[in-house]
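Each chain, written out:
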Amino acid sequence: MNAETEAAVEAHRRIAGLAQANASGLDKASQMAQAETWVGGGAPTFAKELFQRRTLLQQAFQRALDEIAELIARRGGTPPPRIQVVTPPRTTMSAGPSGFRGIDVGQMESLIRELDRTGPPLLEAGSQMQNMCSRLCVAPDAGHTIGEVGAWVERQVRDLRTRLEVIKRTPPIAESGVPFTGPFPSPATVSAGMAAYELFGAFDTTNNKAGSLLTRATTGDAKALEELRKLQSEGKDPDLARRVNTWWRGLNPNARSELTEKSPGLVGSLNGIPSATRDTLNRAFLASEERRLTKKIAELDEEMRKLTRASGFTVDAQRTVAQQERDHASAMLKAAAEVRAALGKGGKEGRPPALLLLFDATAPHGRAVVSYGDPDKAHHITTYVPGLTTQVENSTEDFRRSLTVWDQANSVDPLKKTASIAWLGYDAPQLDPGLVNPDKTVAMSGAAEKGAKELLSFVDGVHSTHDPEVPTHLTMVGHSYGSLTTGKAAAQRPFGTFADDLVFVGSPGVGVEQAVDLGIDAEHVWVGANDNDLVAKAGWFTANPSKSEFGAIRFRTGEGGHSDYWAKEKDSLQNIGYIVTGITEEVSSPTEYAMILAGKQ
């Protein structure tokens, strides 16, 4: 055996020792987080992220050992027996039996100690792995991944300890917002609202002043609500929707009533407000907008009649402005009618009622979000993001697509609840003079980058309001330019905190070079491209996601063009239904396509 082979064998032996000592390091903490150490607030999110780091840790050790074993074989040595590092979890992921039950201080302190014990050895193991793998030129990122997991653990220890101390020294508050006056049910248990708010909600680690805005909003301050809506549109704070949700739950009934009577549209537009509440508020707002727009059109008609009797350059300019305002008001009135028609399709033929999660008549072509089924109670949630020429005033097809996906998912898994959301929540590019504007043209990513911020905030809201008693699976479906918007959003929420599965159809590119850059495992990134879809073959934005080197799973769609993915009985619709319901073993692949998964061809 030559010196190079001996070095590889020795590295394999040492890394196997590191794996034995550290690969299961997060198992106990993961089990504790899932076993109701605390529930409510961000507990499900933290447990999920901890579990994902556990998986990344084991995969990194496995990758390094497998690649070194292959290297030994290539150099003529006898490869060592394969060591199985990646193991299934001992418990299933669970959000716990209740959304707001509080926190056991002693249990939380035990979890922090367990994490504190784990972090430093992982940092050291990552450093050693990086050195050994670099010398052998194998698994270049394995050591970095392990070190990053260790650094993440240490950050959580510091953060959890700080938050826990805040909770321990703060009088508990009931969900109604009223301080408790009697003894606690258990001396070790802090109240539900306080635990949720301080642990994962209102402990302000950002500079965005969300806490002060929520305090002002409690008094009925409409400007504070407007500033929260603006803050939300920036998509920077992944905790904002959870903070809004906990704030809302903590308001007393009188404060809620005052807010909703004064500003139904503003409250209804906030991600983190329960979906059923948003629906009630936004339907009322929709009706008031219809009245406002009808009145405005009448006023503009009268103004234009007066202007026609005058002449001159200034009058012509005023007439042009008035006509533009009337055209927009008329389009938004039509948009309201489209939304009403879409809502009317819910609750019929076995389908669930539709919920209106957003209506905005101030945007150039309006914005609207309609969900078929309640996403707060659903087992399967899917959100459809459309692309070029999306307009609420001409949105019949977009709403139909979401309804068709609900039908398909329900036919596949009728025993579980599905919510299918049509998200027309951004200013998509249009075939108009905006084509020359970098922020609006379909040829550039400016509109997608702005839309991704809104989409991030919306999905954060979906996570924050979902009932933790109901296991859920979230799938994003991006079509055409909407796939770029979806990809831009996914890349900003790593470790699966954005969605469980990503589906791209008719995609010109999703803004990254490889599927692994989208924040989830490549085996959960799906791409469909119809035979005659020229947009899907273009690859305008970075890599073409339908190519094998991108690393996604290509699913069969069949014949058709750019807008034919939702036709009934088509392979594409059937496969989307399987992905949405998590029955991915039934997804069919094109015969010419090889699945791009580690160890599979």
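Criteria and cut-off values
Residues numbered from 1 in each chain as written. Predicted model: local features only at pLDDT ≥ 70, side-chain atom pairs only at ≥ 80, totals over all residues. Heavy atoms only, no water. Core = buried A, V, L, I, M, F, W, Y, C linked by side-chain atoms within 4.5 Å. Buried < 20%, exposed > 50% of the residue type's maximum accessible area, 1.4 Å probe, protein only. Helix = DSSP H or I, 4+ residues; strand = E, 2+ residues; numbered from the N terminus. Contact = heavy atoms within 4.5 Å. Axes fitted to C-alpha atoms, helices over the stretch in contact; angles between N-to-C directions. Parallel < 35°, antiparallel > 145°, perpendicular 65-115°, else oblique. Left-handed = near helix turned anticlockwise from the far one by under 90°. Nonpolar A, V, L, I, M, F, W, Y, C, P; charged D, E, K, R; others polar. Expected span 1.5 Å × (residues − 1). Arc of directions from axis to C-beta. Polar contact = N/O pair within 3.5 Å; in protein donor to acceptor, adjacent residues only side chain to side chain.

Q: What is the right way to look at the nonpolar core in this model?
A: Within the largest apolar cluster, 44 residues are counted, with the highest numbers of intra-cluster contacts made by I15, F61 and L115. Only α1 (3–22), α2 (27–34), α3 (43–74), α4 (105–136) and α5 (142–168) provide two or more residues apiece to this core. For L115, the contacting residues outside a window of four places in its chain are L26, A29, F46, L50, V153, V157 and L160. Among the nonpolar cores identified, the runner-up in size contains 42 residues, and A490, I520, F541 and A552 belong to it.

Q: Would you explain the packing of helix α7 (residues 210–218) against helix α9 (residues 240–250) in this entry?
A: The packing of two helices is summarised by the inter-axis angle and the distance between the axes. Packing of α7 against α9 brings their axes to within 11 Å, and their N-to-C directions diverge by 30°. Taken together, the axis directions place α7 and α9 in an arrangement best described as roughly parallel. For the element pair α7 and α9, the recorded crossing hand is right-handed. Taking contact as the criterion, the partners of A210, G211, L214, A217 and T218 in α7 are, on α9, L240, R243, V244 and W247. Looking at side-chain class alone, the contact of α7 with α9 contains six nonpolar, two polar and one charged residues.

Q: Would you mind showing me how to read the environment of M32 here?
A: Relative to the helices and strands, M32 resides in helix α2. Looking at M32, the relative accessible area reads 15%, which means it is buried. Residues M32 and L111, spaced 79 residues apart in sequence, show a C-alpha to C-alpha distance of 6.7 Å.

Q: What am I meant to see in α1 here?
A: Structurally, the α-helix is built with 3.6 residues per turn, so residues lying three or four positions apart point the same way. With 20 residues, α1 extends 28 Å from end C-alpha to end C-alpha; this agrees with the ideal 28 Å at 1.5 Å per step. Those residues of α1 that fall on the buried side of the exposure criterion are T5, A8, A11, H12, I15, A16, L18, A19 and N22. Looking down the long axis of α1, one finds its buried residues gathered within 165° of arc, a one-sided arrangement. Structural note: α1 exposes A3, R13, Q20 and A21 on the side pointing more than 90 degrees away from its buried face. With a side-chain oxygen lying 3.3 Å from the backbone nitrogen of E4, the N-terminal cap of α1 falls on N2.

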